[in-house]
Amino acid sequence: MLEVDEFESVFRSAIKEPYHYRPVELRSILLITDLDDSSSAALEQQLRQFSPVLQSPETLWQRLNGSDFRTTEELLRRVEQAAPELIISYRNLHSEAWRYPHSLGEHLDVLLNISTVPVLIIPHPGADYAAAHALQQTRSVMAITDHLTADDRLVNYAVAFCQPDARLYLSHIEDQQAFERMIEAVGKIRTLDTDVAREQLGQQLLKEPQDYINSCHTVLKQSHPQPPEVVAHVQFGHSLSEYHRLIDAHQIDLLVMNTQDDDHPAMRGMVYPLAVQLRQIPLLMV
């Protein structure tokens, strides 16, 4: 039977890689709207000022306007032809459903599940629910995940969108309910001390993402003349409610999330409700 000291060693032996910085370069950006050409061009000009990574004169901007597609099949074909490195769009293209906080719309839903290209979802240009600071700056950027350790790609994209004086919030919320179920199962094993398991396992689950965030801070100080200020949020809680609280408390300008699991083509369980509910600020789905 597994003894308590062996149980502890399982987690102590897990060696996690530190953060590795790799610059993100966007050589081609595709803006998808259901607007006419003039309105789409005006939106493009606004977006170019949103973040330093969108301001490079070497970046090719392309647009798909409302008259360029109607069906999802047409949209996917045009996206494939454009071959962008970043897609920018908004919810409920060619639909009035953007008035309601219940869906992403057919076009964006399929695009997010199929595309391997990061998608920047912005507040709908015709809506009045956007935050006052939306699309104005990227001084406050948050990257979130439930497995932050060794998630270099997520962090690198968040860093790329930061202004030089930005705060970069790296957030890992360990699911409290899942942890309680785990401890309940441990309590049914007579040779394991439940109190010891709760304390040490809880500490380890938070230590690994905190160590990774510490390495992000160290590496970014070495790689950037003006690194963003890295702020850690590592705790137990209910993911959706806690992220809503953090976003409001820190007036987040951009939220960065992983779209899919490595072994599953559909959007991650936490990501879809956040993407649907958080309409007031831009979301970068990587």
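Above this text is the structure in question.
My aim in this report is to walk through the structure given alongside it, one point at a time. (Residues numbered from 1 in each chain as written. Predicted model: local features only at pLDDT ≥ 70, side-chain atom pairs only at ≥ 80, totals over all residues. Heavy atoms only, no water.)

Looking at the overall build of the protein chain
The helix and strand tally for the protein chain stands at 9 helices and 11 strands. The globule rule puts the C-alpha radius of gyration for 286 residues at 19 Å, and the 21 Å found for the protein chain is close to it. Overall, the protein chain is about 70 × 40 × 35 Å in size when its C-alpha atoms are taken along their principal axes. Among the 286 residues that make up the protein chain, the fraction classed as buried is 49%. In the protein chain, the share of contacts with a sequence separation of at least 24, taken over all contacts with a separation of at least 6, comes to 80%. Of the accessible surface of the protein chain, which amounts to about 14100 Å², a share of 48% is contributed by carbon and sulfur atoms. (Helix = DSSP H or I, 4+ residues; strand = E, 2+ residues; numbered from the N terminus. Rg over C-alpha atoms; globule rule 2.2 N^0.38 Å. Buried < 20%, exposed > 50% of the residue type's maximum accessible area, 1.4 Å probe, protein only. Contact = heavy atoms within 4.5 Å. Areas by Shrake-Rupley, 256 points an atom, 1.4 Å probe, with all protein chains shown as cover.)

Some points on the pattern of salt bridges
Following the criterion strictly, the structure yields 10 salt bridges and no others. Linking Arg-63 and Glu-44 is a salt bridge whose minimum nitrogen-to-oxygen distance equals 2.7 Å. Within this pair, whereas Arg-63 is found in strand E2 (residues 60–64), its partner Glu-44 is found in helix H2 (residues 37–48), the two being separated by 19 residues in sequence. With a relative accessible area of 29%, Arg-63 lands in the partly exposed category. Between Glu-242 and Arg-245 there is a salt bridge, with the nearest N and O atoms lying 2.6 Å from each other. In this pair, Glu-242 and Arg-245 both sit in helix H8 (residues 239–249), 3 residues apart, roughly one turn of the helix. Residue class for Arg-245 comes out partly exposed when judged on its relative accessible area of 44%. If you follow the salt bridges from partner to partner, you end up with Asp-37, Glu-44, Arg-48 and Arg-63 in one network. (Salt bridge = Lys/Arg side-chain N within 4 Å of Asp/Glu carboxyl O.)

Quick look at the packing of helix H6 (residues 176–186) against helix H7 (residues 194–223)
The N-to-C vectors of H6 and H7 enclose an angle of 145 degrees; their axes lie 10 Å apart at closest approach. For the pair H6 and H7, the crossing hand works out as right-handed. Facing H6, whose interface residues are Phe-179, Glu-180, Met-182, Ile-183 and Val-186, H7 presents Thr-194, Ala-197, Arg-198, Leu-201, Gly-202 and Leu-205. In the contact of H6 with H7, the residues fall into 7 nonpolar, 2 polar and 2 charged. (Axes fitted to C-alpha atoms, helices over the stretch in contact; angles between N-to-C directions. Left-handed = near helix turned anticlockwise from the far one by under 90°. Nonpolar A, V, L, I, M, F, W, Y, C, P; charged D, E, K, R; others polar.)

What about the environment of Leu-60?
With respect to the helices and strands, the residue Leu-60 is situated in strand E2. Leu-60 gets classed as partly exposed once you look at its relative accessible area, which sits at 49%. Distance in space between the C-alpha atoms of Leu-60 and Ala-249 is 36 Å, their sequence separation being 189 residues. For Leu-60, the residues in contact, after removing those within four places along its chain, are Arg-27, Ser-28 and Ile-29.

Section: the packing of aromatic side chains
Using the criterion set out here, one finds 2 aromatic pairs in the structure. Look at Tyr-19 and Tyr-212: their rings are 6.2 Å apart centre to centre, the planes differ by 85 degrees, and that puts the pair in the edge-to-face class. With a gap of 193 residues between them, Tyr-19 in the loop between helix H1 (4–12) and strand E1 (28–32) and Tyr-212 in helix H7 connect regions that are remote in the sequence. Judged on exposure class, the residue Tyr-19 and its partner Tyr-212 are both buried. A centroid spacing of 4.7 Å and a plane angle of 50 degrees characterise the contact between Phe-179 and Phe-236, whose relative ring orientation is tilted. One end of the pair, Phe-179, is in helix H6; the other, Phe-236, is in strand E7 (residues 229–237), and 57 residues separate them in sequence. On the basis of relative accessible area, Phe-179 is assigned to the buried category, the value being 5%. Over the face of the ring belonging to Tyr-129 we find Arg-279, whose NZ or CZ atom lies 3.9 Å from the ring centre. (Phe/Tyr/Trp six-rings, centres within 6.5 Å; stacked < 30°, edge-to-face > 60°. Lys NZ or Arg CZ within 6 Å of the ring centre and 35° of its normal.)

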